Amino acid sequence: MKQNKELVSEYIRLFYNEKDFDRARELLTEGFVNHHHGVGAGRDRTVETFRAAVSVMPEFSLTVRRVVAEGDQVWTHSVAKAAPGAHPSVVVDIWRVEDGRLAEHWDVGQPVPEGSTLDAMVEGAG
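What this report covers is the structure whose coordinates are included nearby.

What counts, and where the lines are drawn
Residues numbered from 1 in each chain as written. Predicted model: local features only at pLDDT ≥ 70, side-chain atom pairs only at ≥ 80, totals over all residues. Heavy atoms only, no water. Phe/Tyr/Trp six-rings, centres within 6.5 Å; stacked < 30°, edge-to-face > 60°. Buried < 20%, exposed > 50% of the residue type's maximum accessible area, 1.4 Å probe, protein only. Helix = DSSP H or I, 4+ residues; strand = E, 2+ residues; numbered from the N terminus. Expected span 1.5 Å × (residues − 1). Arc of directions from axis to C-beta. Contact = heavy atoms within 4.5 Å.

1. Comments concerning the packing of aromatic side chains
Tallied over the full model, the rule gives 10 aromatic pairs. Measuring from ring centre to ring centre gives 6.3 Å for tyrosine 11 and tyrosine 16, while their planes differ by 90 degrees; the resulting arrangement is edge-to-face. Just as tyrosine 11 is buried, tyrosine 16 falls in that class too. Measuring from ring centre to ring centre gives 5.3 Å for phenylalanine 15 and phenylalanine 21, while their planes differ by 80 degrees; the resulting arrangement is edge-to-face. Comparing phenylalanine 15 with phenylalanine 21, the two get one shared label, buried. Three or more aromatic residues joined by ring pairs form one cluster here, namely Tyr11, Phe15, Tyr16, Phe21, Phe50, Phe60 and Trp95.

Below, the structure is given as structure tokens:
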């Protein structure tokens, strides 16, 4: 399970934060399925969809606060920002690992509600 956590952490670093799509692509199975609305199946589709999104929000970042692994699944609890100083969202990503690569992805997210603090949402949620 430690290897699976490291795989997900590496992918998030490369894909979302460094935008090194070529290296991140190598961590996905050929038949990778992204259940995020509008993305679909195939590692190339995932990479090209996010590459296009980054042209609109080049400073997007994803900061992982928690990682949990069980069997072939890894869950991350993270803070997403479209740009420095932008209003953050809290995101849970679920990854399925197959033969040392990422095979499937699901995610849910919500903006940090008005009057709430980010720390209360991600650090006090335990």
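2. What to know about helix H3 (residues 43–56)
With 14 residues, H3 ought to run about 20 Å at 1.5 Å a step, and its terminal C-alpha atoms sit 21 Å apart, in line with that. Of the residues making up H3, those classed as buried are Arg43, Thr46, Val47, Phe50 and Val54. For H3, the buried positions fall inside an angular range of 95 degrees around the axis, keeping them on one side. Opposite the buried face of H3, at more than 90 degrees from it, the exposed residues are Ser55 and Val56. Looking at the buried positions of H3, the neighbouring elements they touch are helix H1 (2–17), helix H2 (21–25), strand E1 (28–34), strand E2 (40–41) and strand E6 (101–111).

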